[in-house]
Amino acid sequence: MLQGKQVRKVAVVGYNRIPFARQNTVYAEASNKDMMVAALTGLIERYNLQGLLLGEVAGGAVIKHSAEINLMRECVMSTSLDRATPACDIQQACDTGIESAIYIANKIALGQIEAGIAGGVDSASNVPLVLGENLRKILLHARHAKRLGEKLQHFAHIRFKDIYPVAPLNIEPRTGLSMGGHTEITAKYYSISREEQDQFALESHQKMTKAYTEGFFNDMTTAFAGLTHDNNMRADTSLEKLAKLKPAFDKAHGTLTAGNSSALTDGASCILLASEDWARLYGLPILAYITFAELAAIEYIDNKQNLLLSPIYASTRMLRRAGLRLQDFDFYEIHEAFAAQVLATLKIWESKELTRQFGFDEPLGAIDRSKLNVNGSSLAAGHPFAATGGRVIATMAKLLHERGTGRGFISVCAAGGQGITMIIEKPA
């Protein structure tokens, strides 16, 4: 499969997203296709890609309607890219955006394509509603009935409760717990206090507010449906306001609230990846390079506290392959599904005793928290599942490009006990 004598460097050369919106607000009536096309169109216009034939576009959505088959290809066909540009759907829960980037990056590294787009989109507002199982069976039997009388006999078994639609549940099928329910167990098991979580959430909003004020996101987003900023961000929040919020999952003894948990969100993002030669040919800046990535999964059925902690495995394995220490980075971007999950990850990295529970002899150690999520992250921006990866990669690439040199560490946890880490570098 390798079309050359050596693996090629993979550059991040562009990015775009639409502002993220809380569930059932500005994008309530927008489809996944509407949002993904908007993000792609903004990318195409920003980097003058109109009419170009790209190697491939990859991405997807975690929440999809049955009608959204071949979603990314349909999105490409609704843009000004050459219609011969192929596309595919990828879905890996919250890892979708980064896994899509790895997919495109590997094809570039192997010489199969010169450039491609990775992205992701999700609507927590426009969710598919399905029929109840009893109604489905009645309709199926009625469809196969030969005579009208037989059909009517089947229809006569329909009850009012059968007509009530069933919305998808945000739970882990093997445990019956929501992601927040699992993370409540995480917070208790690893002794993460409510005060720590609220403080971490406050800092996320403050840092993102500052980044918007300073114009960091000006060239990273395309307005959509009249929205120009992530509307989950709260510039006026405070510890006092966060402390007043009631527990969201464990009503009696919980510490997770709507304030220190990422909100259900709508949005889309994408990044443009390319070989060095292609970037130079089209006059695009090489913002940074994707150099390493690692995917991991974790047992979380017996150890319910560990659902979102598989990046512990991914980070350790990746750093060993890269020959780096956790401290060898200028910026860290850790997806903030919940403040408790980030804080538990940091605590495990620092603790020899906790690290041994994951089968490793030595902890990775503490990081400089002033380098962590310096422009805020998912607690402030929101978390449209498949779109978060593109947002995080774009943020890291821009931080390194503005700095002129450096190395960035990315970590994203996901449902199903999975997680992914990535290293992005900008050589001097």
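Use the structure listed above.
Remember, predicted model here, so these are calculated numbers, not experimental data.

Caption draft 1: The arrangement of the environment of Ala67 in detail. With respect to the helices, strands and loops of the structure, Ala67 is situated in the loop between β3 (56-59) and α2 (71-77). Classification of Ala67 by relative accessible area gives exposed; the value is 71%. With 144 residues separating them along the chain, Ala67 and Ala211 place their C-alpha atoms 38 Å apart.

Caption draft 2: The arrangement of helix α4 (residues 133-144) in detail. An ideal rise of 1.5 Å per residue puts 16 Å on twelve residues; α4 measures up with 17 Å between its terminal C-alpha atoms. Of the positions making up α4, those classed as buried are Leu135, Ile138 and Ala142. The buried residues of α4 occupy an angular sector of 60° when the element is viewed end-on, so they sit on one face. In α4, those exposed residues whose orientation departs by more than 90 degrees from the buried face are Arg143 and His144.

Caption draft 3: Local environment of the packing of aromatic side chains. Using the criterion set out here, one finds twelve aromatic pairs in the structure. For the ring pair Tyr189 and Tyr190, a centre distance of 4.7 Å and an interplane angle of 70° mean the geometry is edge-to-face. Overall, Tyr190 belongs to the buried group, its relative accessible area being 2%. Consider the rings of Tyr212 and Phe217, whose centres lie 4.7 Å apart with planes at 45°: the pair is tilted. You can call Tyr212 buried: its relative accessible area is 9%. Judged by its relative accessible area of 3%, Phe217 is buried. Grouping aromatic residues by their ring pairs yields a cluster made of Phe329, Tyr332, Trp349 and Phe409. Of note, Arg17 hangs over the ring of Phe20, and the distance from its end group to the ring centre comes to 4.5 Å. Here the basic side chain of Arg17 rests over the ring of Phe217, its NZ or CZ set 5.8 Å away from the ring centre.

Caption draft 4: Focus on the side chain of His335. Here His335 is to be found in the loop between β8 (331-334) and α12 (339-350). Within the structure, the side chain of His335 is placed 2.7 Å from the side chain of Ser378, a separation counted as a polar contact. Ignoring anything within four residues of it in the chain, the contact list for His335 reads Gln341, Val342, Ser377, Ser378, His383, Thr388, Ser411, Val412 and Cys413.

Caption draft 5: Examining α12 more closely. End to end, α12 covers 17 Å across twelve residues, agreeing with the expected 16 Å (1.5 Å per residue, within 8%). For α12, a buried count of ten out of twelve residues is recorded, marking the element as mostly surrounded by other parts of the structure. Regarding α12, the residues found buried are Ala339, Ala340, Gln341, Val342, Leu343, Ala344, Thr345, Leu346, Ile348 and Trp349.

Caption draft 6: Spotlight on the side chain of Glu425. Examined against the element boundaries, Glu425 turns out to sit in strand β10 (residues 418-426). For Glu425, a relative accessible area of 19% gives the class buried. Not counting chain neighbours up to four residues away, the residues in contact with Glu425 comprise Ala288, Tyr289, Thr291, Phe292, Leu400, Gly406 and Arg407.

Caption draft 7: Local environment of the nonpolar core. Formed by 84 residues in total, the largest nonpolar core has its most connected members in Met36, Ile117, Leu273, Trp278, Ile393, Ile410 and Ile424. In terms of residue count, the dominant contributor to this core is helix α1 (residues 32-46) (eight residues). Grouped together as the second largest cluster of nonpolar side chains are 46 residues, Tyr190, Leu309, Ala339 and Ile367 included.

Caption draft 8: Structural detail: a nonpolar patch on the surface. There is a patch of nonpolar side chains on the surface, built from Leu131, Leu139, Leu148, Leu152 and Phe155 and spanning about 480 Å² of accessible area. Considering each element in turn, the nonpolar patch owes the most residues, three residues, to helix α5 (residues 148-155). Position of Phe155 among the secondary structure elements: in helix α5.

Caption draft 9: A look at the pattern of salt bridges. Enumeration over the complete set of coordinates arrives at 20 salt bridges. A salt bridge links Arg325 to Asp328; its shortest N-O distance comes to 2.9 Å. Residue Arg325 is classed as exposed on the basis of its relative accessible area of 51%. Between Lys352 and Glu362 there is a salt bridge; the shortest N-O distance is 3.4 Å. Of the two residues, Lys352 sits in helix α13 (residues 352-356) while Glu362 sits in the loop between α13 and α14 (378-381), which places them ten residues apart along the sequence. Residue classification places Lys352 among the partly exposed residues on the basis of a relative accessible area of 37%. A single salt-bridge network, built from bridges that share partners, covers Glu184, Lys188 and Asp250.

Thresholds, definitions, all that
- Residues numbered from 1 in each chain as written.
- Predicted model: local features only at pLDDT ≥ 70, side-chain atom pairs only at ≥ 80, totals over all residues.
- Heavy atoms only, no water.
- Helix = DSSP H or I, 4+ residues; strand = E, 2+ residues; numbered from the N terminus.
- Buried < 20%, exposed > 50% of the residue type's maximum accessible area, 1.4 Å probe, protein only.
- Expected span 1.5 Å × (residues − 1).
- Arc of directions from axis to C-beta.
- Phe/Tyr/Trp six-rings, centres within 6.5 Å; stacked < 30°, edge-to-face > 60°.
- Lys NZ or Arg CZ within 6 Å of the ring centre and 35° of its normal.
- Polar contact = N/O pair within 3.5 Å; in protein donor to acceptor, adjacent residues only side chain to side chain.
- Contact = heavy atoms within 4.5 Å.
- Core = buried A, V, L, I, M, F, W, Y, C linked by side-chain atoms within 4.5 Å.
- Patch = residues over 30% accessible without salt bridge, like charges linked within 9 Å, V, L, I, M, F, W, Y side chains within 5 Å.
- Areas by Shrake-Rupley, 256 points an atom, 1.4 Å probe, with all protein chains shown as cover.
- Salt bridge = Lys/Arg side-chain N within 4 Å of Asp/Glu carboxyl O.

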